[in-house]
Amino acid sequence: MAGGLFAAFSSSATADKSSDSLTQAEKIEAGRKLFLLSCATCHGQNGEGVVAEDGKSNLGPSLAGVGAAAAHFQLETGRMPMVQTGKQAPRKPVAFTQDEVDALAAYVASLAPGPSAPTATEYDLNAVKGLSADEQREAIVRGGKLFLTNCTACHNFEGSGGAMPWGRYAPPLKGVAKQHIYEAMLTGPQQMPVFSNAVLTPEDKRDIIAYIYSVNDREQTPAYGGFGMKGLGPVAEGLIAWLVGIGGLVAFAYWIAAHTARSHKKEDA
Ligand code: HEC
Ligand code: HEC
């Protein structure tokens, strides 16, 4: 309902001007209007956050200092506006036009200084000019190492996703836009830690993204045959080997024991 209401109001408010022709102040003002309609119930009239009735948990956290990067990520992956508070804000169809997202992001960024949305050369290795094929490959290998140490614990090998405590989960990373991967690292949505530029430099982030894209690109990483098990990683794959392999051997041993001459003799006696 909030989405429908706001669509009815906002399109008339911004239809005549595209966001490029708006000044920053106009953008923020347009964003504030949208915010009051679809976000303020959870995040407060001024983005200060709303404490739930039990007095402990947040209906929606304060947005001061989360920056345009967080707003772009949350809105462009459809996570916000959240329909109802729950364990996790999942990906949904996007509720806003790009102009409206930009306006909302400008408003959120105006609350307090925070990380701004990254540019293409920050998140896309292919947008960096003058890199040789070898340098690109090196960057991907470096990104793979960084991914192993920083991301696999939750997102699994090859980024196939994984379960987290209390019914939460780390989603698979296949098909996520490069910009959104960068923004996820920069802003740490929900249970995910923040990887600030002091922890992972913009270059580190870019290489990690290049790695994620390379493992999902079957031309760059051909299937080597066999049963891939969706890149679940050594522990899960080891477990399957144990259950299927050793389990098969045990079953076979039972079968042999049940079919020897001796066991038949016992039955005769
Ligand atoms: C039903 C309540 C609800 C509504 C409506 C809602 N949000 Fe949220 N929002 C939340 C909750 C809860 C979180 C925290 C999610 C978490 O961390 O588990 C959140 C998180 C966020 C974050 C990330 C903050 C961070 O620390 O990175 C942004 C940005 C955001 N919301 C923007 C918006 C915008 C913009 C709208 C309106 C279009 C909106 N939200 C509507 C509940 C809501
Ligand atoms: C402690 C666990 C944890 C670690 C470590 C972690 N993440 Fe996450 N990540 C999550 C969770 C949980 C979510 C889901 C948050 C949400 O739904 O808002 C998430 C969401 C994401 C998303 C959004 C996916 C989508 O569908 O929109 C991306 C991209 C992402 N993570 C990338 C990374 C990268 C890259 C790293 C390593 C630098 C990393 N994550 C490290 C837990 C983690």
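Residues numbered from 1 in each chain as written. Chains lettered and ligands numbered in written order. Predicted model: local features only at pLDDT ≥ 70, side-chain atom pairs only at ≥ 80, totals over all residues. Heavy atoms only, no water.

The name an unreviewed UniProt entry assigns to the protein chain is Cytochrome bc1 complex cytochrome c subunit, from the organism Nocardioides jejuensis. You can read under Catalytic activity (unreviewed entry) in the UniProt record for the protein chain the words "a quinol + 2 Fe(III)-[cytochrome c](out) = a quinone + 2 Fe(II)-[cytochrome c](out) + 2 H(+)(out)". Checking UniProt for the protein chain, the heading Subcellular location (unreviewed entry) contains the comment "Cell membrane". (UniProt positions renumbered as here; feature names shortened; annotations may be inferred.)

Peer 1: I'm lost on the coordination of the iron atom of ligand 2 in this one. Help?
Peer 2: For a metal bound by four donors in tetrahedral geometry, the ideal donor-metal-donor angle is 109.5 degrees, whereas six donors in octahedral geometry ideally sit at 90 or 180 degrees. The protein atoms donating to the iron atom of ligand 2 are H155 (NE2) and M192 (SD), with metal-donor distances spanning 2.0 to 2.1 Å. Taken together, the six donor atoms coordinating the iron atom of ligand 2 span angles of 84 to 179° at the metal, a pattern that classifies the geometry as octahedral. Of the two residues, H155 sits in helix 8 (residues 152–155) while M192 sits in the loop between helix 9 (178–187) and helix 10 (202–216), which places them 37 residues apart along the sequence. Of the residues examined, H155 reaches a relative accessible area of 10% and is grouped as buried. (Donors = N, O, S within 2.8 Å, 3.2 Å for Na, K, Ca; no water. Tetrahedral: all angles 85-135°; square planar, octahedral: opposite > 155°, others 65-115°. Helix = DSSP H or I, 4+ residues; strand = E, 2+ residues; numbered from the N terminus. Buried < 20%, exposed > 50% of the residue type's maximum accessible area, 1.4 Å probe, protein only.)

Peer 1: What should I look at first to understand the site of ligand 2 in this one?
Peer 2: As a structural note, the neighbourhood of ligand 2 is formed by 26 residues, with C151, C154, H155, Q190 and M192 the closest of them. One nitrogen or oxygen atom from the main chain of A89 is found 3.5 Å from an oxygen atom belonging to ligand 2. Take R91: an N or O atom from its side chain is 2.7 Å from an oxygen atom of ligand 2. Those elements that provide at least two residues to the shell around ligand 2 are helix 8, strand 4 (169–170) and helix 9. For the shell around ligand 2, the leading source of residues is helix 9, giving three residues. Across the shell around ligand 2, the residue classes tally to 18 nonpolar, six polar and two charged. Shared between two domains, the shell around ligand 2 takes at least three residues from each, and those domains are domain 1 (2–111) and domain 2 (120–216). (Near = heavy atom within 4 Å. Polar contact = N/O pair within 3.5 Å; in protein donor to acceptor, adjacent residues only side chain to side chain. Nonpolar A, V, L, I, M, F, W, Y, C, P; charged D, E, K, R; others polar. Domains from an automatic or database assignment.)

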